[in-house]
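Residue-level structure breakdown
Each chain, letter by letter, is given below.
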Amino acid sequence: MFSTGISRFASKSSIASVRSLLLRGKATVAAGSLKARVSELIPEKQKELKEIKTKYGSKSLGETTVDMAIGGMRGIKGLLWDTSLLDSEEGIRFRGLSIPELKEKLPTVVEGGEPIPEALLWLLLTGELPTEAQSKSVSEDLNSRASVPDFVMDILDRCPRDLHPMSQLSLAINALQHESIFAKAYDQGINKALYWDPIYEDSMNLIAKLPLIASKIYSNVYRDGKIGSIDNSADYSQNFASLLGFGDNKGFVELLRLYLVIHSDHEGGNVSAHTTHLVGSALSDPYLSLAAGLNGLAGPLHGLANQEVLRWILSMNKTLNTENPSHDQILSYCKETLASGRVIPGYGHAVLRKTDPRYTAQREFALKHLKDDPLFATVSNLYDIVPKVLAEQGKVKNPWPNVDAHSGVLLRHYGLTEQGYYTVLFAVSRAFGVLSQLVWDRALGLPIERPKSLTMDSIKKMFE
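Remember, predicted model here, so these are calculated numbers, not experimental data. (Residues numbered from 1 in each chain as written. Predicted model: local features only at pLDDT ≥ 70, side-chain atom pairs only at ≥ 80, totals over all residues. Heavy atoms only, no water.)

Observations regarding the overall build of the chain
Which entries qualify depends on this criterion: A helix here means a DSSP run of H or I that spans at least four residues, while a strand means a run of E at least two residues long, and both kinds are numbered starting from the N terminus. For a compact globule the rule gives 2.2 Å times the number of residues to the power 0.38, and the radius of gyration it is set against comes from C-alpha atoms. Each residue is placed in one exposure class: buried if its accessible area under a 1.4 Å probe, protein chains only, is under 20% of its type's maximum, exposed if it is over 50%, and partly exposed if it falls in between. In what follows, residue pairs with any heavy atoms lying within 4.5 Å of each other are defined as contacts. Under the convention used here, a 1.4 Å probe and the Shrake-Rupley method define accessible areas, while residue burial counts only the protein chains that appear.
Within the chain, the regular secondary structure consists of 21 helices and three strands. Taken against the 2.2 N^0.38 rule, which gives 23 Å for 464 residues, the C-alpha radius of gyration of the chain at 23 Å falls within 12% of a compact globule. The principal-axis extents of the C-alpha atoms in the chain amount to approximately 70 × 65 × 45 Å. Looking at the chain residue by residue over its 464 residues, the buried ones come to 51%. Taking contacts inside the chain between residues at least 6 apart in sequence as the whole, the part at least 24 apart equals 76%. Entry remark: accessible area of the chain is about 21,400 Å², with carbon and sulfur atoms responsible for 53%.

Okay, structure coming up:
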């Protein structure tokens with residue numbers, strides 16, 4: 001089982017650290033660590049932001065239309081998000097690097113294998129590619145923080161088994177707010193120039209604890225309620241897989257490494273990222289901010305979509321009474337789905353106008369590790385069929401598959417069949433991206449977010 005002694009010690013140590021910060025008016029960091037590098041970069045980035053404001057502050061970013069205001073602010077350029085950028089044609093870039101470049105350049109555990117999320121975390125926080133030693137130092141740091149208080153686990157044990165796993169995750173993260181170093185520091189009057197330091201500590205602590213919480217939820221809902229412990233010599237994904245009960249499955253561990261990397265960030269405009277930033281802009285700590293963001297991720301139009309895709313495919317197979325539907329059968333079922341007023345889940349994207357590179361990365365993984373899986377064959381057939389069907393309608397700007405079109409099939413292949421849990425994995429990954437940006441939000445002193453809203457009458461009066 002898990003240990004809570006470390007957690008209590010860490011809590012006392014954190015309070016002492018906060019007091020030390022207040023007395024000395026500066027952050028304390030270990031030389032060569034990830035935090036030390038972030039600390040070194042902050043003055044440079046603060047200067048860069050000031051120069052941008054001075055030189056370009058009065059420049060227009062583009063015209064905002066009534067359609068944008070009514071349509072969920074779609075396409076409005078109004079948010080600084082430095083960790084990643086999404087291009088409609090090229091796809092996502094993490095600190096300027098595409099997914100193929102990440103797979104080529106980030107350190108791995110298995111030679112020629114998938115990149116590890118710890119290496120991505122270094123990249124997201126610094127903008128620099130880490131060495132293997134630096135990546136390992138992040139793994140060790142996260143392992144040292146990986147403990148959860150008894151009362152949080154007790155809360156999860158009291159949850160009904162049919163309470164959605166994402167609701168339980170949000171509940172647990174909110175409860176962990178009791179451990180927030182930033183909240184304690186703010187109450188004691190920490191200098192705002194140092195906000196980033198306890199935000200960093202909270203973020204790293206939270207990322208470290210997520211596998212324990214997520215695994216406890218999985219075991220409570222689908223297994224016997226027991227989980228293992230953290231192996232201090234293992235990387236983040238290996239530990240997470242082991243806690244879930246899949247640690248001996250090397251293929252699943254590699255899939256988890258890829259999954260956590262490619263789902264981590266997707267610029268700042270999506271619901272989970274934007275919500276985390278928005279709540280954090282009110283100086284809510286990382287626990288409150290991430291919990292809010294993950295409540296958005298739980299929506300069927302966002303992270304919940306990955307389980308919807310697999311359910312749709314399994315429903316199709318059941319309706320057709322086959323695990324290997326033919327091209328014509330799939331085509332007919334797709335048309336029937338659309339004719340009934342439903343959508344084909346996993347296709348289309350708010351920004352992308354091409355196949356999602358995250359989908360492509362998962363497809364390449366499947367071709368390498370599970371090319372004979374019948375569900376993968378169906379996903380491949382859907383890739384050939386659905387875009388043509390949607391294009392024929394002429395109503396879809398992007399008929400190509402997104403990240404959700406593939407992930408459920410991969411997870412199911414390795415035995416993680418509980419679709420209601422899939423968004424929890426997405427949530428653990430998304431924490432890496434949104435919390436990295438939250439650290440920089442406070443380091444750069446970004447203000448509270450407060451866009452201007454309009455009434456329908458005010459819009460009409462503007463033009464009539």
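Considerations on the pattern of salt bridges
Where charged atoms from two side chains of opposite charge come close, those side chains can pair. Rule in force here: Salt bridge, as applied in this entry: a Lys or Arg side-chain nitrogen positioned within 4 Å of an Asp or Glu carboxyl oxygen.
A full pass over the atoms with the stated rule returns 19 salt bridges. Arg93 serves as the salt-bridge partner of Glu101, at 3.0 Å between the closest nitrogen and oxygen. The partner of Glu254 in a salt bridge is Arg257, and the shortest N-O contact between them spans 2.7 Å. One end of the pair is Glu254 and the other is Arg257, both in helix H12 (residues 250-262) and three residues apart, which spans about a single turn.

A look at the sheet that holds strand S2 (residues 91-94)
Heads up, the rule is: Strand pairing is defined by DSSP finding a minimum of two bridges between the two strands.
Reading across from one edge, S1-S2-S3 is the order of the three strands in this open sheet, with antiparallel pairing throughout. Of all the strands in the sheet, just strand S1 (84-87) and strand S3 (97-98) have a single pairing partner and so form its edges. Across two bridges, S2 lies against S3 in antiparallel orientation. Counted as the bridge partner of Phe94 is Leu97 from S3.

Some words on the UniProt feature "active site" (unreviewed entry) in the chain
Applied cut-off: UniProt positions are given in the numbering used here, feature names are shortened, and annotations may be inferred rather than shown by experiment.
Listed under "active site" (unreviewed entry) in the UniProt record, and renumbered for this structure, are His302, His349 and Asp404. Maximum C-alpha separation among the annotated residues is 10.4 Å over a sequence range of 103 residues, consistent with a single clustered spot. Within the element layout of this structure, His302 appears in the loop between helix H14 (286-297) and helix H15 (305-320). Following the sequence through the fold, His349 ends up in the loop between helix H16 (327-339) and helix H17 (357-369).

Details of the packing of H12 against H17
Rules: Fitting a line to C-alpha atoms yields each axis, with helices limited to the stretch in contact; the angle taken between N-to-C directions then spans 0 to 180 degrees. Roughly parallel here means an angle under 35 degrees, roughly antiparallel means over 145, roughly perpendicular means 65 to 115, and every remaining angle is called oblique. Each residue gets one of three labels, nonpolar for Ala, Val, Leu, Ile, Met, Phe, Trp, Tyr, Cys and Pro, charged for Asp, Glu, Lys and Arg, and polar for the others, Gly among them.
Interhelical geometry of H12 versus H17 gives an angle of 170 degrees and a closest axis separation of 11 Å. Of the possible angle classes, the one that applies to H12 and H17 is roughly antiparallel. Between H12 and H17, the contacting residues are Gly251, Glu254, Leu255, Leu258 and Ile262 on the first element and Arg358, Ala361, Gln362 and Phe365 on the second. Broken down by class, the residue content of the contact of H12 with H17 amounts to five nonpolar, two polar and two charged.

Some details on unusual backbone geometry
For Glu267, which is not glycine, the phi torsion reads 50 degrees and is therefore positive. Here Glu267 is to be found in the loop between H12 and helix H13 (271-281). Phi at Asn321 takes a positive value of approximately 60 degrees, unusual for a residue other than glycine. For Asn321, the location among the structural elements is in the loop between H15 and H16. You can call Asn321 exposed: its relative accessible area is 70%.

As for helix H20 (residues 422-443)
Threshold: Multiplying 1.5 Å by the helix residue count minus one yields the expected span of that helix. To get the bend at a residue, fit one axis to the 7 residues ending there and another to the 7 starting there, then take the angle between the axes.
Given a rise of 1.5 Å per residue, 22 residues ought to cover 32 Å, and the 33 Å separating the end C-alpha atoms of H20 matches this to within 8%. Of all bends in H20, the biggest is about 30 degrees, found at Arg430. For H20, the tally of buried residues reaches 22 of 22 residues, placing the bulk of the element in the interior. Gly445 sits one or two positions beyond H20 and adopts a positive phi of about 70 degrees.

Some words on the nonpolar core
As a rule of thumb, soluble globular proteins bury nonpolar side chains together. The test is simple: Within this scheme, the nonpolar core is defined by two criteria: the residues are buried Ala, Val, Leu, Ile, Met, Phe, Trp, Tyr or Cys, and they are joined through side-chain atoms within 4.5 Å.
Ranked by internal contacts, the top residues of the largest apolar core, which has 122 residues, are Leu169 and Leu416. Apart from residues lying up to four places away in sequence, Leu169 is in contact with Leu210, Ile213, Ile217, Leu294, Val424 and Ala427.

Things to note about a nonpolar patch on the surface
Rules: Exposure above 30% relative accessible area and the lack of any salt bridge qualify a residue for a patch; like charges then connect within 9 Å, and the nonpolar side chains Val, Leu, Ile, Met, Phe, Trp and Tyr within 5 Å.
A cluster of nonpolar side chains, namely Leu454, Met462 and Phe463, defines an oily patch on the protein surface of about 360 Å² accessible area. Within the secondary structure, Phe463 is located in helix H21 (residues 456-463).

Considerations on the environment of Leu260
Structurally, the position occupied by Leu260 is in helix H12. With sequence-adjacent residues up to four places away left out, Leu260 is seen in contact with Pro117, Tyr236, Ser237, Phe240, Leu425, Val428 and Ser429.

Observations regarding the environment of Asp328
By secondary structure assignment, the location of Asp328 is in helix H16. Residues Asp328 and Ile385 lie 57 residues apart in sequence; the distance between their C-alpha atoms is 9.4 Å.

Here's the deal with the packing of aromatic side chains
Our working rule: Within 6.5 Å between ring centres, the rings of Phe, Tyr and Trp (the latter by its six-membered ring) count as paired, and their orientation is classed by plane angle as stacked under 30 degrees, edge-to-face over 60, tilted in between.
Scanning the model with the defined rule gives 13 aromatic pairs in all. Ring geometry for Phe182 against Tyr186: centres 6.0 Å apart, planes inclined by 35 degrees, an arrangement best described as tilted. Of this pair, Phe182 and Tyr186 both sit in helix H9 (residues 181-187), four residues apart, roughly one helical turn. Relative accessible area serves as the criterion here: at 42%, Tyr186 is assigned to the partly exposed category. Centre to centre, the rings of Tyr218 and Phe246 are 6.4 Å apart; their planes meet at 55 degrees, and the pair counts as tilted. You can see Tyr218 sitting in helix H10 (residues 196-222) and its partner Phe246 sitting in the loop between helix H11 (236-244) and H12, a full 28 residues away along the chain. The two residues Tyr218 and Phe246 agree in class, both being buried. Taken together, the ring pairs in this structure connect Tyr218, Tyr222, Phe246, Phe252 and Tyr421 into an aromatic cluster.

Description of helix H5 (residues 117-126)
Of all ten residues that make up H5, ten are buried, and the element is covered over most of its length. Buried within H5 are the following residues: Pro117, Glu118, Ala119, Leu120, Leu121, Trp122, Leu123, Leu124, Leu125 and Thr126.

A closer look at the pairing of S2
The sheet contact formed by S1 and S2 spans four bridges and is antiparallel. Note that in S2 the partner of Leu85 across the bridge is Arg93. Hairpin connection between S1 and S2: a loop of three residues separates the two successive antiparallel strands. The antiparallel hairpin formed by S2 and S3 contains two residues in its connecting segment, where Arg95 sits at a positive phi of about 50 degrees.

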